[in-house]
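Observations on chain architecture
Take a look at the letters that make up each chain.
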Amino acid sequence: MKDTISVTNKKTDLKQLRTQKDSLLIRKVEVDLYASDLDDKWLEELYSNSLYDTIYSSITDISFEEVDYPELSTELLKSRLADLSSRTPFNVEYNPALESVIKSYLKNRRSSFQKLIDLSAFYFPMFERELDIHDLPLEIKYLAIVESALKPRAKSRVGAAGLWQFMYTTGKMYGLDVSSYVDERSDPIKSTEAAAKYLSKLYEIFGDWDLALAAYNSGPGNVTKAIRRSGGYQNYWNIRHNLPRETAGYLPAFLATMYIFEYAEEHGFKKPKPEVAFFETDTIRVKQMITLDQVSEFTGVEMEELQFLNPSYKLDIIPYVKGENYILRLPRRVVGDFVSNEDSIYGFATEEFNKREKPMPQLFEADSKITYKVRSGDFLGRVARKYAVRVSDIKKWNGLRSNNLKIGQRLVLYPKNARSITTSKSSKTKSVSKNAKTYTVRNGDSLWSISQKFPGVSVQNIKDWNGISGSKLKPGMKLKVSKS
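Keep in mind that this is a model prediction, so the values were computed, not measured.

Moving on to unusual backbone geometry. In this model, Asp 135 sits at a positive phi of 55°, which is unusual for a non-glycine residue. Here Asp 135 lies in the loop between helix H5 (110–133) and helix H6 (143–148). Its identity as a non-glycine residue notwithstanding, Gln 165 has a phi of 50°, on the positive side. Counting through the fold element by element, Gln 165 comes out in the loop between H6 and helix H7 (168–173).

In structure tokens form, the structure reads like this:
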């Protein structure tokens, strides 16, 4: 928690698109089930908040009792802390309380820290760049682990949100836009810039980084009160007992995290290459409103990956507001394709939004309604793909304000083809007349580009009429492109 301080669209041929995977309409192919399951688990790890809950509780319930951890002797720890203290402006001197926290983390939270190390490979380059621009200690990057466990949509019980856990008013004060569609407290770069400005001001006031961090967590007022109650002491460890409980464990957690990251390899942690490296992504300024699931259909990038790369869009919708600079972050491999075909992409998005403005009875027919019970491992993207609907629609139908699901939770769904879900592929192909038109696939063709050659034919029509479960095509294939 942080207190504020005073002081009609043109269509073009899409042959250039190299990837045309419709991520929401894919049905699982048997030989890919294992790989798909691994992908799902990784994306869920990137997107879930369970790690944030673990780290948050470790700070609020912090214990300074002695921990038996013979792998790290007190003398070795003293030597390493002294070396670390000489390389940073933070006071990393040895004391028994800090030793107990470090050993407790190493003994009881190894799996959590390995996950954090994996995630840090994506976020830390962004943080370091912003901290360097504002001439702040680069070690402040570890603060985001203590604040949010590197979960961009983390939200505390008092309303602080994002990687750096800004309260609404403090975030607005430092230029972070928060609206129905957007919460820039979750934007990695913008929120880091705001945190750097806020921390700079706190250091200007207190002249000590330990106290600046304490003020960042509980507000400057609580720190000055702790100084008065302690009799004028200004060292964090001397005033800690007068700080709020959460803040009393805040700096030890930060220093312990710094130590473990700086000596990760010595303690057996691995530093793998990030699944999505920051330098392998690029941004595009949007020219009109578009949803992440529409972007997913055109680029072939999985919905969960787009949500991970664009966490500040609360409803998975990127709005267009004159004067604002809302961006879409994509893997670099698909940026060129998106830009080359953006007129058609935005045209399709406009048609989709227009269709969604029909009266409710036309959108949700009673016989198309189904109820789905959430199972272990489920997340919105997986359910959306299974029933060929959009994540944003599932959230709208069920009044969901976040992407979190609970096991046993029941979701109301309105699949476009509710009956066809239980219908075999063979029954779909039999319904097509023998006199149906056919089309021979050529180099560069995709399901989307083929559907545009035949008015009234959709990608899903082609899939249903030909029993296609994925989106890959081979030159020479003959596809039915009409019912009769």
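After presenting the structure, the write-up continues.
Further remarks concern the packing of aromatic side chains. All chains considered together, the criterion is met by 26 aromatic pairs. Judged by centre distance (6.4 Å) and plane angle (80°), the ring pair of Tyr 313 and Tyr 326 falls under edge-to-face. Of this pair, Tyr 313 sits in the loop between helix H15 (303–309) and strand S3 (317–318) while Tyr 326 sits in the loop between S3 and strand S4 (327–331), and the two are 13 residues apart along the sequence. Since its relative accessible area comes to 4%, Tyr 313 is described here as buried. For Tyr 326, a relative accessible area of 7% gives the class buried. Here a set of aromatic residues connected by ring pairs shows up, and it is made of Tyr 105, Phe 113, Phe 122, Tyr 123, Phe 124, Phe 127, Tyr 142, Trp 164, Phe 261 and Phe 308. The cationic tip of Arg 110 hangs over the ring face of Phe 269; the distance from NZ or CZ to the ring centre is 4.3 Å.

Now for the nonpolar core. Within the largest apolar cluster, 75 residues are counted, with the highest numbers of intra-cluster contacts made by Trp 164, Tyr 216, Phe 254 and Tyr 259. Leave out the neighbours within four places in its chain, and Phe 254 touches Phe 90, Glu 139, Tyr 142, Leu 143, Val 146 and Leu 213. Counting 52 residues, the second largest nonpolar core, distinct from the first, contains Val 295, Phe 298, Val 334 and Leu 405.

What follows covers the packing of helix H4 (residues 96–108) against helix H13 (residues 250–262). Orientation of H4 relative to H13, taken along the N-to-C sense of each, is 55°, at an axis distance of 9 Å. Regarding the angle of H4 to H13, the classification is oblique. Remark: the crossing between H4 and H13 carries right-handed chirality. Here Leu 98, Val 101, Ile 102, Tyr 105 and Leu 106 of H4 lie close against H13, whose contacting residues are Pro 252, Ala 253, Leu 255, Ala 256, Thr 257, Tyr 259 and Ile 260. Of the residues contributing to the contact of H4 with H13, the split by class is 11 nonpolar, one polar and no charged.

Before going further, it helps to examine the pairing of S4. When you tally the buried positions in S4, you get four out of five residues, the bulk of the element. Taken together, the five bridges between strand S1 (residues 281–285) and S4 define a ladder with antiparallel strand orientation. The residue bridging Thr 281 from the neighbouring strand is Pro 331, located in S4.

Moving on: the environment of Pro 415. As for its position among the elements, Pro 415 is in the loop between strand S6 (410–413) and helix H21 (425–430). Taking the C-alpha atoms as reference points, Pro 415 and Ala 388, separated by 27 residues in sequence, lie 6.6 Å from one another.

Scoring rules and cut-offs
- Residues numbered from 1 in each chain as written.
- Predicted model: local features only at pLDDT ≥ 70, side-chain atom pairs only at ≥ 80, totals over all residues.
- Heavy atoms only, no water.
- Helix = DSSP H or I, 4+ residues; strand = E, 2+ residues; numbered from the N terminus.
- Phe/Tyr/Trp six-rings, centres within 6.5 Å; stacked < 30°, edge-to-face > 60°.
- Buried < 20%, exposed > 50% of the residue type's maximum accessible area, 1.4 Å probe, protein only.
- Lys NZ or Arg CZ within 6 Å of the ring centre and 35° of its normal.
- Core = buried A, V, L, I, M, F, W, Y, C linked by side-chain atoms within 4.5 Å.
- Contact = heavy atoms within 4.5 Å.
- Axes fitted to C-alpha atoms, helices over the stretch in contact; angles between N-to-C directions.
- Parallel < 35°, antiparallel > 145°, perpendicular 65-115°, else oblique.
- Left-handed = near helix turned anticlockwise from the far one by under 90°.
- Nonpolar A, V, L, I, M, F, W, Y, C, P; charged D, E, K, R; others polar.
- Pairing = 2+ DSSP bridges.

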